[in-house]
Amino acid sequence: MNILISNDDGIYAPGVRALAEALSDTEHQITVVCPDRERSATGHALTLQEPLRVDQITGIYPEGITAWACSGTPSDTVKLALDALLDTRPDLVLSGINRGANLGTDVLYSGTVSAAMEGVLEDVPSIAFSLTSFTHLDFSAAANFAKKMVTAIAINPLTEPILLNVNIPAIPEADICGAVVTRLGIRRYRDLFEKRIDPRGKTYYWLSGVVVEEEAEADTDIQAIRDNYVTITPLKYDLTLATAMPFLQAWTDKLNN
């Protein structure tokens, strides 16, 4: 297969390098196109007010892998790769391996998930991989699982353009209980805007916060990660709330009378 790899942590991030290296000894053709610096939590932002610049990167990735650094967002990198940089359309888009979880409602903000979603928007099956820790720097278990998934897809291709959001617990590979298919949970944060003063006396704010621990239902990605399972969650870009349609239709009918 022809595989495009992107991320939101940047071209030099250890997660994307681990993913590319894990796939470098396979028969697949690998191209890496990533932001030139960290672009976490950019969601599906696109760069429209300035040009995109790209530089080919050498000496970082294994031989045979072509790598590019792009000045734009994660979504920019995938769009640019699909429509300008690649001569052959990829069979699969991979994003990650992200440093930190993308569970539940995190997917609405995640640059990692948005990069993969950009592939789906252009009819290419895509997978977003995340390691559920910001401090754990051993990506080997996540990279090995990603390689297994790619091998499985090569044998049994996905039947439609679909986004799989995959989270791998940050524990030794031997302690992972397996992989389960889950739905998104609800993840809430207690946001904190820290007020600071810069050297010129001007006020600025730095956003931080912590996850609010909540009860999670057994079939959600949040609970499965707590139970030391790899989670695989199928996502779609249609955000329509179908259950609200009948009420709104009746409401609209009254407006029209």
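It should be emphasised that the depicted structure is a prediction, and the values quoted were computed from it without experimental measurement.

Conventions used here
- Residues numbered from 1 in each chain as written.
- Predicted model: local features only at pLDDT ≥ 70, side-chain atom pairs only at ≥ 80, totals over all residues.
- Heavy atoms only, no water.
- 1 Å grid on protein atoms, 1.4 Å probe; cavity = no way out; pocket = protein on both sides within 12 Å on 5 of 7 lines; lining within 4 Å.
- Points joined across faces, edges and corners; volume = space filled by probe spheres on them.
- Helix = DSSP H or I, 4+ residues; strand = E, 2+ residues; numbered from the N terminus.
- Nonpolar A, V, L, I, M, F, W, Y, C, P; charged D, E, K, R; others polar.
- UniProt positions renumbered as here; feature names shortened; annotations may be inferred.
- Contact = heavy atoms within 4.5 Å.
- Axes fitted to C-alpha atoms, helices over the stretch in contact; angles between N-to-C directions.
- Parallel < 35°, antiparallel > 145°, perpendicular 65-115°, else oblique.
- Left-handed = near helix turned anticlockwise from the far one by under 90°.
- Buried < 20%, exposed > 50% of the residue type's maximum accessible area, 1.4 Å probe, protein only.

Focus: the layout of surface pockets
Part 1: By volume, the largest pocket is sized at about 770 Å³.
Part 2: Every residue lining the largest pocket is counted, 26 residues in all, and those nearest its centre are A41, D106, Y109, F134 and Y189.
Part 3: Elements with a minimum of two residues in the lining of the largest pocket: β5 (92–99), β9 (188–197) and β10 (203–212).
Part 4: The biggest single contributor to the lining of the largest pocket is β10, with four residues.
Part 5: Here the residues of the lining of the largest pocket are counted per class, giving seven nonpolar, eleven polar and eight charged.
Part 6: If you add up the space inside the second largest pocket, you get close to 500 Å³.
Part 7: As for the second largest pocket, its lining consists of 18 residues, and the residues nearest its centre are V107, L108, M117, K236 and L239.
Part 8: Examining the composition of the lining of the second largest pocket, we find that four residues originate from one element, helix α3 (residues 111–121), more than from any other.
Part 9: Across the lining of the second largest pocket, the residue classes tally to ten nonpolar, six polar and two charged.

With respect to the UniProt feature "domain: Survival protein SurE-like phosphatase/nucleotidase" (unreviewed entry) in the protein chain
Part 1: In the numbering adopted here, UniProt assigns the feature "domain: Survival protein SurE-like phosphatase/nucleotidase" (unreviewed entry) to residues 3–190.
Part 2: Annotated as residues 3–190, this span is 26% helix and 24% strand, and its ends, taken at the C-alpha atoms, are 38 Å apart.

Focus on the UniProt feature "binding site: a divalent metal cation" (unreviewed entry) in the protein chain
Part 1: In the numbering adopted here, UniProt assigns the feature "binding site: a divalent metal cation" (unreviewed entry) to D8, D9, S40 and N98. Considering the C-alpha atoms alone, the annotated residues occupy 91 residues of sequence yet fold into one spot, their largest mutual distance being 9.1 Å. Lining residues of the largest pocket, restricted to the annotated ones just named, are D8, D9, S40 and N98.
Part 2: Structurally, D8 is set in the loop between β1 (2–6) and α1 (14–23).
Part 3: For D8, the contacting residues outside a window of four places in its chain are P35, R37, E38, R39, S40, A41, P74, N98, G111 and T112.
Part 4: Take S40: it is sitting in the loop between β2 (29–35) and β3 (54–57).

Quick notes on the packing of helix α2 (residues 74–85) against α3
Part 1: At a minimum axis separation of 8 Å, α2 and α3 run at an interaxial angle of 25°. With respect to each other, α2 and α3 are oriented roughly parallel. The handedness of the crossing between α2 and α3 is right-handed. Of the residues in α3, those in contact with P74, S75, V78, K79 and L82 of α2 are G111, S114, A115, E118 and G119.
Part 2: When grouped by side-chain class, the residues that make up the contact of α2 with α3 number four nonpolar, four polar and two charged.

Focus on the environment of T31
Part 1: Checked against the element boundaries, T31 lands in strand β2.
Part 2: Relative accessible area serves as the criterion here: at 12%, T31 is assigned to the buried category.
Part 3: Expressed as a C-alpha distance, the spacing of T31 and A115, which sit 84 residues apart in the sequence, is 14 Å.
Part 4: Filtering out sequence-adjacent residues up to four positions away, T31 remains in contact with I3, L4, I5, T66, W68 and L86.

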